[in-house]
Structures are given as structure tokens and as C-alpha cells.
Amino acid sequence: MTYVPHTDQDRQEMLAAVGVTRVEDLLQDVPESVRFPRLDLPRPLSEPEILAEMAALADSNWDLDHHPCFLGAGAYNHFIPSVVKHVVSRSEFYTAYTPYQPEVSQGTLQAIFEYQSLICDLTGMDAANASHYDGATALAEAVIMSHSTHRGRRAKVVVSRTVNPQYRETARTYVQGMGITMVGDQDPDLSLAQLGDLVDEETACLVVQVPDFLGAIPSQADLQALAAQAHAVKALFVVSANPISLGLLKPPAEYGADVVVGEGQPLGNQIGFGGPYVGFFATRTEYVRRMAGRLAGMTTDVEGKRGFVLTLATREQHIRRERATSNICTNQALNALAAAAYLSAMGPHGLRTVAAACYHKAHYAASAINDLAGYQVLSGDFFHEFVVRCPRSVREITTGLLERGIIPGYQVEAEYPELGDCLLFCVTELNSREQIDSLIAALRDIA
Amino acid sequence: MVRFEDTARYTETHDWVKTDGDTAVFGISDFAQDQLSDIVFVELPEVGNTYEKREVYAVVESVKAASDCYAPVSGEVVEINSELESDPGIVNREPYSDGWFVRVRMSDPSELEDLRTAESYRELVRQLTEEE
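Source: prediction; values computed, not measured.

Conventions we followed
Residues numbered from 1 in each chain as written. Chains lettered and ligands numbered in written order. Predicted model: local features only at pLDDT ≥ 70, side-chain atom pairs only at ≥ 80, totals over all residues. Helix = DSSP H or I, 4+ residues; strand = E, 2+ residues; numbered from the N terminus. Rg over C-alpha atoms; globule rule 2.2 N^0.38 Å. Contact = placed C-beta atoms within 7 Å. Core = buried A, V, L, I, M, F, W, Y, C linked by C-beta atoms within 7 Å. Buried ≥ 20, exposed ≤ 12 C-beta atoms within 10 Å, placed from the backbone. Nonpolar A, V, L, I, M, F, W, Y, C, P; charged D, E, K, R; others polar.

Caption draft 1: Here's a closer look at the overall build of chain B. For chain B, the count of helices and strands is 4 helices and 9 strands. Along chain B, helices and strands appear, N-terminal first, in the series β-β-β-α-β-β-β-β-β-α-α-β-α. Radius of gyration (C-alpha) of chain B: 14 Å, near the 14 Å computed for a compact globule of 132 residues. C-alpha extents for chain B along the principal axes are approximately 40 × 35 × 20 Å. For chain B, long-range pairs separated by at least 24 residues make up 64% of all intrachain contacts whose partners lie at least 6 apart in sequence.

Okay, structure coming up:
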């Protein structure tokens with residue numbers, strides 16, 4: 001096809017239509033000195049030259065292979081078995097769009113079904129969807145589903161302050177205009193146990209995070225009491241969970257969760273630049289028809305052979321239109337596949353081993369840091385992240401660690417002003433004893 | 001052959017209502033179930049809920065669509081047809097009898113008066129099928 005630019009006559013007609021004679025007349029409002037400035041660019045480079053220059057630039061970035069990382073706060077550095085990359089790199093899977101026509105998509109549909117089944121195993125829920133964009137959007141969908149379950153008649157959502165601040169922000173963005181009010185996360189003095197007192201007959205759901213954003217594991221008694229308080233008024237109990245922690249902790253179903261969501265990145269997905277991630281979403285059977293997103297199911301064909309299809313599609317926007325719970329129909333299929341490949345490769349024992357390694361290494365680090373003069377670990381029961389009150393400003397501590405080649409913990413002050421002099425450290429199975437000891441030595445040095 | 005129930009009143013949206021003292025029973029018409037084809041799920045309200053006339057009180061899912069059901073008259077739900085949970089196909093087979101949806105205590109029985117009679121509803125269905 002030939003590219004046909006405007007002819008001189010076309011240009012003249014357009015200029016005449018707006019009442020000018022030359023194209024330059026359109027630029028009169030731009031000051032003369034910057035209208036056609038001389039750009040002082042270096043000479044053009046050949047391909048090998050530019051590759052060398054870009055590689056040198058890239059090398060100035062820090063990466064997780066060369067620097068000990070103690071940063072978590074929602075994105076976690078875990079080992080990814082080689083088989084995960086191998087599976088997701090197969091061209092049958094990484095096409096630009098996920099094919100759903102069952103006659104030609106059995107592999108994709110089966111992969112999604114297996115991902116869903118694994119998420120159900122982890123969470124103890126009955127059904128999981130094909131995934132959402134990330135943990136934040138999955139949480140927002142849980143809030144919307146709770147609202148929809150009550151047919152929009154309950155406008156209040158009670159959410160813990162220790163739910164990831166970005167997830168809360170995303171949920172608030174999603175529900176703007178729906179008349180929903182999110183309460184419970186503004187008051188730093190409100191304990192998790194007190195949160196239940198905010199739940200009433202107008203409440204659609206109660207949302208908590210386990211382990212919470214600051215790393216803490218709430219007590220089973222508190223969680224069960226919150227579930228009971230929610231259920232007493234027919235509100236849903238929504239739990240945002242770290243999937244790796246479920247290798248060690250009880251499935252949320254056991255303490256009364258109605259919906260379990262979370263960030264699936266720790267399961268075989270790269271940390272990247274904040275994405276692409278994958279949000280998992282699982283719930284009890286009674287809420288399945290209100291659930292957002294794609295759902296793959298297992299069935300038999302006319303010959304009685306096992307097959308996989310999309311199911312319960314009447315929930316979705318393309319059929320239910322404006323009455324659908326959510327307008328999200330897409331999913332993060334390749335990232336969900338990575339999660340499924342990861343969980344398959346690790347197995348229950350492997351996942352438990354990873355979770356236990358995270359737990360023990362984090363506790364080793366926390367204990368040693370707490371012994372340092374001036375530092376105080378504020379977390380009680382925690383999984384693999386803990387809050388440390390520092391003897392100097394977090395800016396000075398952070399700078400000191402960076403100068404020593406260590407990626408420091410997260411500065412929580414912006415979201416938690418009451419923790420202004422605190423850092424949130426994360427330790428995973430990938431942090432070696434030497435790395436942890438170097439962190440401890442550095443902190444002692446900086447104090 | 002589309003079936004009609006002479007003792008019922010109908011809405012433009014293919015819901016029917018039959019009265020029984022101060023209570024009324026709701027369902028969907030034979031024409032509606034035929035248009036929807038195989039019904040796979042009926043989402044019923046909870047007993048105790050109240051609905052205004054023309055408010056959505058139930059959702060019917062078939063293999064090809066999900067449709068809202070509108071209350072023909074206002075009232076409070078006093079009973080639901082829990083048989084539909086295990087066998088929603090009853091609605092396809094017996095839309096006017098075993099396939100009923102809910103029993104409601106009417107708050108204003110006079111609302112029945114502006115609903116269509118079986119004869120008038122038959123005419124509506126005839127027009128709709130001719131348009132096709």
C-alpha cells in the first residue's frame with residue numbers, strides 16, 4: 001500500500017480554512033528562540049557502538065544478582081526454577097492474546113484450570129478465577145463482589161490499615177462513583193481486634209491482610225473473631241494473603257475467609273519494574289456467580305473424553321452487560337501459567353521449605369538487628385518482613401546501606417507517619433547468611 | 001406452541017403473577033423460558049427482602065443469556081422455590097406451576113390492575129413473534 005501524503009494543494013486548502021497562509025504562522029505563539037533550536041547532539045553511532053553504550057548504561061543499574069536485597073513491601077525476591085521460564089517461553093503459550101475457543105485451545109485452558117486448582121489448594125477456597133492484573137486489582141474486585149453480593153444495598157467496606165496501602169488506594173479508585181465508603185484504615189490506634197466493631201448491617205465486607213503489610217501475622221483468635229463478626233451480619237470476610245506464606249500458615253478458609261486474594265508475583269514471576277504481575281482471586285462456591293473474571297472448567301466432550309472450557313460466562317460483561325459484577329474479563333494468563341509452573345515444580349514440600357527458610361532467615365536477621373544498640377524490632381509475630389525503629393533518620397540509614405552496596409528496606413513513613421523512623425525489612429530464602437550478616441554489620445556501622 | 005396461564009397476570013417483561021389471598025406467586029412465562037433456552041441457574045432473593053413493583057428481584061441464567069426478572073407487584077418475599085437450586089430446568093418444563101420463583105406478601109394489591117391479562121399478553125407475544 002502506498003503512503004499518500006498531503007499534496008501542496010491539500011495544505012493550502014487547510015491553511016486557508018483556518019485563516020493563515022503558511023504552516024509557520026501556526027507556530028507564532030512559540031517564542032522565536034525556541035521555535036527551531038539547534039540541538040547539540042553527538043554524531044550518529046553504528047549499531048555495535050550504540051549497543052556498547054546502552055550496555056554500559058544498563059550496567060549502572062543495580063540488580064538482584066549483584067546486590068543483597070532486603071526490600072519487599074509487596075514485591076518479593078524468590079528463586080524461580082529454570083523450568084518456569086522454559087514453560088512460559090513456549091510459543092504455544094506466549095502469544096499476544098489468550099485463545100479461548102476450546103476446539104483449538106485445550107492446552108491454554110488446561111493450564112488455566114490447573115492454575116485455578118492450585119490456588120484453591122493454597123487458599124482452601126472452592127473456586128479461583130483465571131487471575132487479575134495484580135494483588136491490588138484482585139482486592140478491588142473482592143470489594144466489588146461483596147458489594148454486588150448484597151445487590152448494592154450495603155455501601156460500607158471495613159478495611160484494615162495494615163492492608164497494602166497501594167491495594168487500598170486501588171480499591172478506592174475502583175469503587176469511586178459506586179457510593180461505597182471504605183473505613184477503618186485511617187486511625188493508627190485502631191487495633192485489628194477493634195476493627196470488627198466497625199462491622200454492622202450496612203457493611204458489605206471486612207478486609208484484612210495476612211501477613212499484613214508490615215509483616216505481622218495476626219493471631220488465629222483475632223482472625224476467627226473478625227470472621228465471626230463479619231458473618232454475624234452477613235458481611236463477607238476478605239483476606240489478602242501472601243501465597244508463599246501459605247506454605248507455612250493455615251489456609252484462610254480455615255479461619256473463615258469468604259474471599260482470598262493476593263499478589264501472585266512471588267510464585268515464579270520476576271519482580272520486574274512493578275509488573276506484569278498476577279492477582280489471584282478465590283472464593284466459596286456460593287459466591288461464584290458474582291465473581292469477576294474468566295473461569296476455566298473441566299468437562300467431558302460428546303465422546304466422554306476429558307476437556308476444558310470457559311464456564312459460567314453468563315457472569316461476564318459480554319453477556320450480562322451493565323448488570324455484570326465487574327467489567328474485567330481479561331486475565332494475566334502467562335503470569336498465571338508461571339505461578340502454576342512454579343507451584344508444580346516446588347510441590348507442597350518445596351513450598352513449605354521456601355516458606356520456612358524465609359521465616360527462619362527473617363527471624364535470624366530480626367533478632368540480630370534487635371540486639372544492635374539503638375535498633376528496635378517492633379514486629380511481634382511476623383513472617384518474612386519486620387519493622388525496625390532506627391537510631392538515626394531512615395534517610396541516613398538508607399544512604400548508609402546503599403553506600404555499602406546493600407538494597408535497604410522500605411521507608412514506610414509516607415503511608416504510616418506514626419512509623420517515621422522505621423524501615424520495613426524483608427528476608428527471603430535468597431538472602432544468604434553472609435548477606436544477612438553484612439546487613440547487620442552495616443547497620444551497626446551506620447548507627 | 002407457546003403456553004399461557006389464564007389465571008395469571010403478566011408484565012411487558014414476561015414475568016407472571018398469580019394471587020392467593022394476600023400473597024402472590026411470581027415466575028416467568030413460557031415464552032420467556034423458550035426464548036432463554038436451557039436455564040442453568042436462577043438467582044432468587046432472600047426471604048424477608050422487599051421489592052418495589054418493576055424492581056429486579058431475581059436473575060435467570062440460561063446457556064445463552066442472563067436476564068433480570070422484575071417484580072410484577074410490590075411486596076415482601078415470604079417463600080422462595082428452593083427446588084430451583086438443584087434443578088433449574090423445572091422452569092423450562094413447568095414455567096407456570098413447579099417452576100415458580102417466589103411467594104410475596106403484597107403491599108398494594110391494586111397494582112395488579114394495570115398488569116396484562118392472559119389475553120392481552122397473548123397478543124403481545126403474537127406481535128413479538130411476528131416481528132421476528
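So much for the structure itself; the text now carries on.
Caption draft 2: A look at the nonpolar core. One finds Leu 139, Leu 206, Val 207, Val 238, Leu 337 and Val 388 of chain A to be the most contacted residues of the largest nonpolar core, which totals 123 residues. At 20 residues, the largest contribution of residues to this core is made by helix H11 (residues 333-371) of chain A. In this structure Leu 206 of chain A touches Val 158, Val 199, Leu 226, Ala 230, Ala 235, Phe 237 and Val 238 of chain A, once residues within four positions along its chain are discounted. Grouped together as the second largest cluster of nonpolar side chains are 30 residues, Phe 31, Tyr 57, Leu 84 and Phe 101 of chain B included.

Caption draft 3: Region of interest: the interface of chain A and chain B. Contact with chain A, which involves 5 residues of that partner, is made by 6 residues of chain B. Residue classes in the side of chain A that touches chain B are distributed as 1 nonpolar, 1 polar and 3 charged.

Caption draft 4: Unusual backbone geometry, seen in detail. All names here are of chain A. The amide bond that connects Val 210 to the next residue, Pro 211, takes the cis arrangement and shows omega of -15 degrees. One can find Pro 211 in the loop between strand E4 (203-210) and helix H9 (220-232). With a phi angle near 60 degrees, Ala 73 is a residue other than glycine that sits in the positive phi range. Position of Ala 73 relative to the elements: it lies in the loop between helix H3 (47-59) and helix H4 (82-88). Looking at Ala 73, the number of C-beta atoms within 10 Å reads 20, which means it is buried.

Interpretation in functional terms is not warranted from these geometric data alone.
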